[in-house]
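Listed below are the residues making up each chain.
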Amino acid sequence: MKTLAPLRFRNFRYIFIGAFASGIGSWMMSVAAGYELYQITGSASMIGLMVMLTVGSGIVVNPIAAGWCVDHDPRRIAIIGSFLAAIPCFLLTYFAWSDGLQVVELLVFVFIGSIGNNIASSAVGVIEPTVVPAEYKRQAIGLSSVAYNSARVLGAIGGGLVTDYIGAPAAFALNGLSYVPIVISVLIIPKAVVALATPQRHKVARGLVEGTKAIRKSAALWSAFAGFITYFLLVAPIQWLLPVIASDHGLTAAMVGYLGAAFASGALVMSFYSGR
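In this report, the structure presented in the accompanying data block is examined. (Residues numbered from 1 in each chain as written. Predicted model: local features only at pLDDT ≥ 70, side-chain atom pairs only at ≥ 80, totals over all residues. Heavy atoms only, no water.)

## Describing the overall build of the protein
Stage number 1. Summing up its helical and strand segments, the protein has twelve helices and zero strands in all.
Stage number 2. Reading the protein from its N terminus to its C terminus gives the helix and strand order α-α-α-α-α-α-α-α-α-α-α-α.
Stage number 3. Within the protein, the fraction of its 276 residues that count as buried is 45%.
Stage number 4. Within the protein, counting contacts between residues at least 6 apart in sequence, those at least 24 apart form 85% of the total.
Stage number 5. Roughly 13900 Å² of accessible area belongs to the protein as shown, and the carbon and sulfur atoms make up 69% of that amount. (Helix = DSSP H or I, 4+ residues; strand = E, 2+ residues; numbered from the N terminus. Buried < 20%, exposed > 50% of the residue type's maximum accessible area, 1.4 Å probe, protein only. Contact = heavy atoms within 4.5 Å. Areas by Shrake-Rupley, 256 points an atom, 1.4 Å probe, with all protein chains shown as cover.)

In C-alpha coordinates form, the structure reads like this:
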(Lines give C-alpha, C1' and ligand atoms only; values in the text may rest on other atoms or scores of the structure.)
Protein backbone atom coordinates (compact mmCIF):
# COMPACT_ATOMS: atom_id res chain seq x y z
CA MET A 1 0.00 0.00 0.00
CA LYS A 2 1.64 3.19 -1.22
CA THR A 3 0.22 5.33 1.61
CA LEU A 4 2.23 3.29 4.14
CA ALA A 5 5.37 3.09 2.00
CA PRO A 6 7.39 5.61 4.08
CA LEU A 7 7.19 3.24 7.05
CA ARG A 8 9.60 0.95 5.21
CA PHE A 9 12.35 3.46 6.00
CA ARG A 10 13.82 3.02 9.46
CA ASN A 11 14.54 6.68 10.22
CA PHE A 12 10.99 7.67 9.29
CA ARG A 13 9.60 4.97 11.58
CA TYR A 14 11.63 6.36 14.48
CA ILE A 15 10.42 9.92 14.08
CA PHE A 16 6.86 8.77 13.27
CA ILE A 17 6.61 6.78 16.51
CA GLY A 18 8.17 9.59 18.53
CA ALA A 19 5.79 12.20 17.14
CA PHE A 20 2.80 9.91 17.65
CA ALA A 21 3.65 9.26 21.31
CA SER A 22 4.29 12.93 21.96
CA GLY A 23 1.02 13.87 20.26
CA ILE A 24 -0.96 11.56 22.51
CA GLY A 25 0.61 13.19 25.56
CA SER A 26 -0.10 16.69 24.26
CA TRP A 27 -3.80 15.98 23.75
CA MET A 28 -4.05 14.30 27.15
CA MET A 29 -2.61 17.51 28.57
CA SER A 30 -5.06 19.64 26.61
CA VAL A 31 -8.09 17.81 27.97
CA ALA A 32 -6.77 17.66 31.54
CA ALA A 33 -5.66 21.29 31.69
CA GLY A 34 -8.89 22.66 30.25
CA TYR A 35 -11.07 20.56 32.53
CA GLU A 36 -8.96 21.34 35.61
CA LEU A 37 -8.96 25.08 34.90
CA TYR A 38 -12.73 25.17 34.59
CA GLN A 39 -13.16 23.16 37.79
CA ILE A 40 -11.00 25.70 39.63
CA THR A 41 -12.45 28.90 38.17
CA GLY A 42 -15.86 28.05 36.71
CA SER A 43 -15.05 30.66 34.08
CA ALA A 44 -15.29 30.12 30.32
CA SER A 45 -13.26 33.30 29.93
CA MET A 46 -10.31 31.64 31.65
CA ILE A 47 -10.53 28.77 29.17
CA GLY A 48 -10.45 31.37 26.41
CA LEU A 49 -7.37 32.97 27.97
CA MET A 50 -5.55 29.64 28.12
CA VAL A 51 -6.44 28.93 24.49
CA MET A 52 -5.24 32.39 23.48
CA LEU A 53 -1.90 31.76 25.18
CA THR A 54 -1.36 28.34 23.63
CA VAL A 55 -2.63 29.11 20.13
CA GLY A 56 -0.91 32.50 20.13
CA SER A 57 2.39 30.88 21.04
CA GLY A 58 2.01 28.53 18.08
CA ILE A 59 1.32 31.35 15.63
CA VAL A 60 4.45 33.19 16.78
CA VAL A 61 6.82 30.34 17.59
CA ASN A 62 6.23 27.89 14.72
CA PRO A 63 7.64 30.00 11.86
CA ILE A 64 10.54 31.15 14.02
CA ALA A 65 11.39 27.60 15.08
CA ALA A 66 11.20 26.44 11.45
CA GLY A 67 13.73 29.14 10.60
CA TRP A 68 16.02 27.94 13.39
CA CYS A 69 15.85 24.44 11.91
CA VAL A 70 17.27 25.77 8.66
CA ASP A 71 20.17 27.49 10.40
CA HIS A 72 20.86 24.78 12.98
CA ASP A 73 20.58 21.02 13.44
CA PRO A 74 16.80 20.37 13.65
CA ARG A 75 17.47 17.35 15.86
CA ARG A 76 18.97 19.64 18.49
CA ILE A 77 16.03 22.04 18.16
CA ALA A 78 13.63 19.13 18.71
CA ILE A 79 15.50 18.06 21.86
CA ILE A 80 15.58 21.59 23.29
CA GLY A 81 11.88 22.04 22.59
CA SER A 82 11.07 18.68 24.16
CA PHE A 83 12.84 19.56 27.40
CA LEU A 84 11.20 22.99 27.46
CA ALA A 85 7.82 21.31 27.03
CA ALA A 86 8.36 18.47 29.52
CA ILE A 87 9.70 20.43 32.50
CA PRO A 88 6.52 22.54 33.02
CA CYS A 89 4.46 19.32 32.91
CA PHE A 90 6.43 17.82 35.79
CA LEU A 91 6.24 21.10 37.73
CA LEU A 92 2.47 21.13 37.27
CA THR A 93 2.33 17.57 38.54
CA TYR A 94 4.39 18.46 41.62
CA PHE A 95 2.37 21.54 42.55
CA ALA A 96 -0.97 19.83 41.90
CA TRP A 97 -0.12 16.87 44.14
CA SER A 98 1.53 18.93 46.89
CA ASP A 99 -0.40 22.13 47.58
CA GLY A 100 -3.01 22.18 44.84
CA LEU A 101 -2.81 24.18 41.63
CA GLN A 102 -3.30 27.91 41.49
CA VAL A 103 -4.76 29.48 38.36
CA VAL A 104 -1.64 31.52 37.63
CA GLU A 105 0.59 28.44 37.95
CA LEU A 106 -1.59 26.46 35.57
CA LEU A 107 -1.71 29.22 32.95
CA VAL A 108 2.00 30.05 33.14
CA PHE A 109 3.23 26.45 32.95
CA VAL A 110 0.79 25.55 30.17
CA PHE A 111 1.99 28.59 28.22
CA ILE A 112 5.68 27.75 28.67
CA GLY A 113 5.00 24.12 27.80
CA SER A 114 3.17 25.14 24.63
CA ILE A 115 6.21 27.13 23.51
CA GLY A 116 8.41 24.08 23.94
CA ASN A 117 5.88 21.84 22.23
CA ASN A 118 5.66 24.17 19.23
CA ILE A 119 9.44 24.29 18.94
CA ALA A 120 9.70 20.50 19.06
CA SER A 121 6.79 20.01 16.65
CA SER A 122 8.28 22.43 14.13
CA ALA A 123 11.61 20.62 14.23
CA VAL A 124 9.93 17.23 13.81
CA GLY A 125 7.93 18.63 10.90
CA VAL A 126 11.19 19.65 9.22
CA ILE A 127 12.82 16.27 9.86
CA GLU A 128 10.00 13.92 8.82
CA PRO A 129 9.99 14.56 5.04
CA THR A 130 13.81 14.52 4.88
CA VAL A 131 14.25 10.92 6.01
CA VAL A 132 12.46 9.36 3.02
CA PRO A 133 13.31 9.50 -0.70
CA ALA A 134 11.80 12.42 -2.61
CA GLU A 135 9.20 10.25 -4.35
CA TYR A 136 7.70 9.31 -0.95
CA LYS A 137 7.56 12.78 0.60
CA ARG A 138 3.86 13.25 -0.12
CA GLN A 139 3.04 9.95 1.58
CA ALA A 140 5.33 10.87 4.49
CA ILE A 141 3.46 14.13 5.02
CA GLY A 142 0.15 12.26 4.79
CA LEU A 143 1.30 9.70 7.37
CA SER A 144 2.43 12.51 9.66
CA SER A 145 -1.11 13.88 9.46
CA VAL A 146 -2.46 10.40 10.27
CA ALA A 147 -0.20 10.22 13.32
CA TYR A 148 -1.27 13.69 14.48
CA ASN A 149 -5.00 13.04 14.16
CA SER A 150 -4.74 9.52 15.61
CA ALA A 151 -2.97 11.09 18.58
CA ARG A 152 -5.82 13.60 18.86
CA VAL A 153 -8.32 10.76 19.16
CA LEU A 154 -6.36 8.55 21.55
CA GLY A 155 -4.93 11.44 23.56
CA ALA A 156 -8.33 13.06 24.12
CA ILE A 157 -9.89 9.78 25.27
CA GLY A 158 -6.87 8.92 27.41
CA GLY A 159 -6.69 12.39 28.94
CA GLY A 160 -10.34 12.29 29.95
CA LEU A 161 -10.13 8.82 31.48
CA VAL A 162 -6.88 9.52 33.34
CA THR A 163 -8.26 12.80 34.70
CA ASP A 164 -11.42 11.07 35.91
CA TYR A 165 -9.87 7.97 37.48
CA ILE A 166 -6.41 9.16 38.60
CA GLY A 167 -6.42 12.94 38.40
CA ALA A 168 -5.21 15.73 36.13
CA PRO A 169 -1.67 15.63 37.62
CA ALA A 170 -1.23 12.12 36.21
CA ALA A 171 -2.15 13.40 32.74
CA PHE A 172 0.38 16.22 33.14
CA ALA A 173 3.10 13.73 34.10
CA LEU A 174 2.28 11.41 31.21
CA ASN A 175 2.54 14.33 28.81
CA GLY A 176 5.99 15.14 30.19
CA LEU A 177 7.08 11.52 29.71
CA SER A 178 5.70 11.49 26.16
CA TYR A 179 8.56 13.70 25.01
CA VAL A 180 11.08 10.97 25.78
CA PRO A 181 10.32 9.08 22.51
CA ILE A 182 10.89 12.29 20.55
CA VAL A 183 14.32 12.77 22.10
CA ILE A 184 15.27 9.14 21.56
CA SER A 185 14.07 9.11 17.93
CA VAL A 186 15.98 12.24 16.87
CA LEU A 187 19.13 11.01 18.62
CA ILE A 188 18.97 7.73 16.69
CA ILE A 189 18.64 9.45 13.30
CA PRO A 190 22.11 10.33 11.92
CA LYS A 191 22.81 14.04 11.61
CA ALA A 192 24.04 13.61 8.04
CA VAL A 193 20.66 12.23 6.91
CA VAL A 194 18.83 15.33 8.11
CA ALA A 195 21.54 17.81 7.12
CA LEU A 196 21.64 16.62 3.49
CA ALA A 197 17.96 17.37 3.00
CA THR A 198 17.62 20.59 5.01
CA PRO A 199 16.47 23.49 2.79
CA GLN A 200 18.61 26.51 2.13
CA ARG A 201 18.75 29.28 4.71
CA HIS A 202 16.04 31.89 4.46
CA LYS A 203 14.58 34.70 6.52
CA VAL A 204 11.37 33.91 8.37
CA ALA A 205 9.65 37.10 7.17
CA ARG A 206 10.62 36.39 3.57
CA GLY A 207 9.30 32.85 3.87
CA LEU A 208 5.96 34.12 5.17
CA VAL A 209 5.68 36.59 2.29
CA GLU A 210 6.50 33.91 -0.28
CA GLY A 211 4.04 31.53 1.34
CA THR A 212 1.30 34.16 1.17
CA LYS A 213 2.01 34.75 -2.52
CA ALA A 214 1.84 31.01 -3.19
CA ILE A 215 -1.57 30.77 -1.50
CA ARG A 216 -2.91 33.65 -3.60
CA LYS A 217 -1.72 32.04 -6.84
CA SER A 218 -3.01 28.52 -6.15
CA ALA A 219 -6.72 27.76 -6.06
CA ALA A 220 -6.08 24.54 -4.10
CA LEU A 221 -3.96 26.31 -1.48
CA TRP A 222 -6.46 29.15 -1.25
CA SER A 223 -9.31 26.68 -0.68
CA ALA A 224 -7.30 24.89 2.02
CA PHE A 225 -6.48 28.20 3.69
CA ALA A 226 -10.13 29.31 3.58
CA GLY A 227 -11.16 25.97 5.07
CA PHE A 228 -8.64 26.38 7.88
CA ILE A 229 -9.88 29.87 8.70
CA THR A 230 -13.49 28.68 8.68
CA TYR A 231 -12.63 25.81 11.02
CA PHE A 232 -10.60 28.11 13.27
CA LEU A 233 -13.44 30.64 13.61
CA LEU A 234 -16.53 28.41 13.68
CA VAL A 235 -15.59 24.90 14.80
CA ALA A 236 -12.46 25.13 16.95
CA PRO A 237 -14.08 27.38 19.62
CA ILE A 238 -16.63 24.63 20.30
CA GLN A 239 -13.82 22.12 20.80
CA TRP A 240 -11.90 24.47 23.07
CA LEU A 241 -15.01 25.05 25.21
CA LEU A 242 -15.84 21.36 25.63
CA PRO A 243 -14.83 21.46 29.34
CA VAL A 244 -17.44 24.19 29.85
CA ILE A 245 -20.14 22.39 27.86
CA ALA A 246 -19.52 19.08 29.61
CA SER A 247 -19.32 20.51 33.13
CA ASP A 248 -22.45 22.62 32.69
CA HIS A 249 -24.34 19.44 31.73
CA GLY A 250 -23.02 17.43 34.66
CA LEU A 251 -20.60 15.41 32.55
CA THR A 252 -17.11 14.30 33.56
CA ALA A 253 -13.66 14.74 32.05
CA ALA A 254 -14.05 11.40 30.30
CA MET A 255 -16.91 12.82 28.25
CA VAL A 256 -14.76 15.84 27.36
CA GLY A 257 -12.27 13.35 25.99
CA TYR A 258 -14.90 11.41 24.02
CA LEU A 259 -16.28 14.61 22.51
CA GLY A 260 -12.79 15.79 21.62
CA ALA A 261 -12.07 12.45 19.96
CA ALA A 262 -15.26 12.78 17.92
CA PHE A 263 -14.03 16.12 16.58
CA ALA A 264 -10.74 14.53 15.56
CA SER A 265 -12.26 11.46 13.91
CA GLY A 266 -13.28 13.26 10.72
CA ALA A 267 -9.82 14.76 10.34
CA LEU A 268 -8.31 11.31 10.85
CA VAL A 269 -10.36 9.85 7.99
CA MET A 270 -9.37 12.69 5.66
CA SER A 271 -5.70 12.40 6.59
CA PHE A 272 -5.65 8.86 5.14
CA TYR A 273 -7.05 10.23 1.90
CA SER A 274 -4.56 13.12 1.71
CA GLY A 275 -1.60 10.74 1.83
CA ARG A 276 -2.69 8.67 -1.17
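## Observations regarding the packing of aromatic side chains
Stage number 1. In total, this model carries five aromatic pairs according to the counting rule given.
Stage number 2. Between Y94 and F95, the aromatic rings sit 5.4 Å apart at their centres with planes inclined by 65°, giving edge-to-face as the arrangement.
Stage number 3. Judged by centre distance (5.9 Å) and plane angle (15°), the ring pair of F95 and F109 falls under stacked. Of this pair, F95 sits in helix α3 (residues 74-98) while F109 sits in helix α4 (residues 103-127), and the two are 14 residues apart along the sequence.
Stage number 4. With a relative accessible area of 25%, F95 lands in the partly exposed category.
Stage number 5. Grouped by ring-pair contacts, the aromatic residues Y94, F95 and F109 constitute a single cluster. (Phe/Tyr/Trp six-rings, centres within 6.5 Å; stacked < 30°, edge-to-face > 60°.)

## Here's the deal with a nonpolar patch on the surface
Stage number 1. On the surface, F90, L174, L177, V180, I184 and I188 cluster together into a nonpolar patch covering about 500 Å² of accessible area.
Stage number 2. Going through the elements one at a time, α6 (168-177) and α7 (179-188) are the ones with two or more residues in the nonpolar patch.
Stage number 3. Top element by residues in the nonpolar patch is α7. It accounts for three residues.
Stage number 4. Residue position: L174 is located in helix α6.
Stage number 5. By relative accessible area, L174 is classed as partly exposed at 37%. (Patch = residues over 30% accessible without salt bridge, like charges linked within 9 Å, V, L, I, M, F, W, Y side chains within 5 Å. Salt bridge = Lys/Arg side-chain N within 4 Å of Asp/Glu carboxyl O.)

## A short note on the environment of S57
Stage number 1. Relative to the assigned elements, S57 resides in helix α2 (residues 44-71).
Stage number 2. What makes S57 buried here is its relative accessible area of 5%.
Stage number 3. For the pair S57 and G116, spaced 59 residues apart in sequence, the C-alpha to C-alpha distance is 9.5 Å.
Stage number 4. If we ignore the near neighbours within four places in the chain, the residues touching S57 are M52, N62, F111, S114, I115 and N118.
Stage number 5. For S57, the side chain forms a polar contact with the side chain of S114, separated by 2.9 Å. (Polar contact = N/O pair within 3.5 Å; in protein donor to acceptor, adjacent residues only side chain to side chain.)

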